[in-house]
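Single-letter residue listing:
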Amino acid sequence: RFRSTDIDGFYGDSVYDRVVPADHFLRQLKGMVDWEAICCDFARFYKGGAEYGPSPIKPALLLRMLLLSYLYNLSERQTEELVNYNLAAKYFVGLAVDEAAPDHSSLTVFKRRLSEGWRSSSVFEGVLRDVVREARRLGVRFGKLQVVDSSHSIADVDVGEDDRRRGAGKPPRDGDAKWGSKGKRKVKEPDGKVRVENKYFYGYKQHLSLNAENHLVTAVVHTTGEAPDGKQLRRLVEGDEAAGVRGEVYAGDKGYDDGDNHAYLEHSGRQSALALNAYRTAKKDGNKQKWLELCESQGYRVGQRERYKVEQKIAEGRRHGSKRCRYLGRVRYAIQGFLTVIVLNLKRLLKLLGGGRVRVRAEAVLVGI
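Scoring rules and cut-offs
Residues numbered from 1 in each chain as written. Predicted model: local features only at pLDDT ≥ 70, side-chain atom pairs only at ≥ 80, totals over all residues. Heavy atoms only, no water. Buried < 20%, exposed > 50% of the residue type's maximum accessible area, 1.4 Å probe, protein only. Helix = DSSP H or I, 4+ residues; strand = E, 2+ residues; numbered from the N terminus. Arc of directions from axis to C-beta. Contact = heavy atoms within 4.5 Å. Phe/Tyr/Trp six-rings, centres within 6.5 Å; stacked < 30°, edge-to-face > 60°. Lys NZ or Arg CZ within 6 Å of the ring centre and 35° of its normal. Salt bridge = Lys/Arg side-chain N within 4 Å of Asp/Glu carboxyl O. pLDDT = per-residue confidence, 0-100. Core = buried A, V, L, I, M, F, W, Y, C linked by side-chain atoms within 4.5 Å. Lys, Arg positive; Asp, Glu negative; His and termini not counted. Pairing = 2+ DSSP bridges.

### Quick notes on helix α14 (residues 298-305)
Among all positions in α14, only Gly 299, Tyr 300 and Gly 303 are buried. End-on view of α14: buried residues confined to an arc of 100 degrees, all on one side of the axis. For α14, the exposed residues set more than 90 degrees away from the buried face come down to Gln 298 and Arg 305. Against the buried residues of α14 lie β1 (145-154), β5 (249-252), β6 (271-274) and α13 (289-296).

### What to know about the side chain of Gln 232
Within the secondary structure, Gln 232 sits in the loop between β4 (217-224) and α10 (233-242). Look at Gln 232 and you get buried, because its relative accessible area is 6%. Ignoring any residue separated from it by four or fewer positions in sequence, one finds Gln 232 in contact with His 207, Val 221, Thr 223 and Ala 227.

### Some remarks on the packing of aromatic side chains
One pass over the structure, following the stated rule, counts six aromatic pairs. Each ring, one from Phe 42 and one from Phe 45, has its centre 6.4 Å from the other, and the planes form 75 degrees; the classification is edge-to-face. On the basis of relative accessibility, which here comes to 13%, the residue Phe 45 falls in the buried class. Measuring from centroid to centroid gives 5.2 Å for Trp 179 and Tyr 202, while their planes differ by 50 degrees, and the two rings are tilted. Within this pair, whereas Trp 179 is found in strand β2 (residues 178-188), its partner Tyr 202 is found in strand β3 (residues 194-211), the two being separated by 23 residues in sequence. With a relative accessible area of 9%, Tyr 202 lands in the buried category. Taking NZ or CZ as reference, Arg 27 lies 4.7 Å from the ring centre of Tyr 91, over its face. Here the basic side chain of Lys 30 rests over the ring of Tyr 91, its NZ or CZ set 4.3 Å away from the ring centre.

### Things to note about the pattern of salt bridges
Applying the stated rule across the entire model yields 26 salt bridges. Notably, a salt bridge pairs Asp 229 with Lys 182, separated by 3.2 Å at the nearest N-O pair. A residue pair is termed long-range when its members are at least 10 positions apart, and Asp 229 in the loop between β4 and α10 and Lys 182 in strand β2 qualify at 47 residues. Here Asp 229 matches Lys 182 in class, with each residue buried.

### A few points about unusual backbone geometry
One non-glycine residue, Trp 118, lies in positive phi territory at about 70 degrees. Position of Trp 118 relative to the elements: it lies in the loop between α7 (104-114) and α8 (122-137). In this structure Trp 118 comes out as buried when scored by relative accessible area, which is 16%.

### Details of the confidence of the model for the chain
Averaged over the chain, the pLDDT score is 90; the fraction of residues at 70 or greater is 93%. Below a pLDDT of 50 lies the segment residues 360-369, which in the model reaches 25 contacts outside its immediate sequence neighbourhood of four places, other chains included.

### Quick notes on the nonpolar core
Most often, soluble globular proteins keep nonpolar side chains buried together rather than apart. Grouped together as the largest cluster of nonpolar side chains are 82 residues, with contacts concentrated most on Leu 26, Trp 35, Leu 63, Leu 68 and Leu 346. Here the element with the most residues in this core is helix α16 (residues 330-352); it accounts for eleven residues. Discounting chain neighbours no more than four positions away, the residues touching Leu 68 are Leu 26, Thr 79, Val 83, Ala 89, Phe 92 and Val 93.

### Remarks on the side chain of Arg 348
Among the secondary structure elements, Arg 348 is positioned in helix α16. Of the buried charged residues, Arg 348 lacks a salt bridge, with Glu 316 as the closest side chain of opposite charge at 7.8 Å. Setting aside anything within four residues of it in sequence, one finds Arg 348 in contact with Asn 214, His 215, Leu 216 and Lys 313.

### Quick notes on the pairing of β6
Of the strand pairs in this sheet, β5 and β6 are connected by four bridges, and their pairing is parallel. Looking at the pairing, Tyr 250 lines up with Ser 272 of β6.

Have a look at this one:
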């Protein structure tokens, strides 16, 4: 009982056929994925299964509109304008050429509804898994090597102003955000000496598992900023399994070098290719032998050689706005993270299927955004 669009009305697809090229990314993407199947159970999030009140907008239309926001790194207001004035975007979401886009506030209501009032992001995690399954259905090969890493996102908070708020007895702007450390930097002292110190940020982390063969992200975990990377490995492996991906080898940086992680991978029939800290192979007793053998193994060498691929994916995500949080709270951050990764996977999936490179800013420029 969702609201019908006018795509089959007077104009039909004739205008789109003339102005939107057949090889356009959005045209190909619309036909590549079974959007209705992905959104088939979304009616349960509407009152009475969408059987009461005015006919709601189709979930598949709103989901595609949300993805445009992340594809072009636009605000939801800007996305409404894009869909109104850009024919490729309007065709992608499923509107007729003379039909107005849903109001940007509809996207906020849609996100809140699917997250059950901002309490859970599991529906968006399910969409990511559906995209991974869709890739398998389309014949994309998945290799045995999974590469893991994390990126950080800065909370939408002015830290100085937030400190003043707390000093005045007011609650913090984002009560879920935490201070964390990610990476190191060199600092030059007044006397000319250079020292290395940790880089700190206030916000959240997104932990990724990526298939090294096809560059698709298969599992994501979202945490607050202080969470250690190494403690998320088991959740990532479980996320891969839930998406139907069986990784045989897991590679990561030294942040994942934890005895529990190595033991977990071994006991679950997988091989560890997690980078080892120097102290493991520098021991002066017989305990270092197994670590030396691990370093010499084919899986370890290949895993470390391929680890850059997840770093490339993280850098690509930053171009789509993941460097800074759009919303407040961990659940809303997780929604942003899942939608960003879904966009990255859709871009990659189309390229794997012969769709070529994506021009992610062209449509936004056309409407002056």
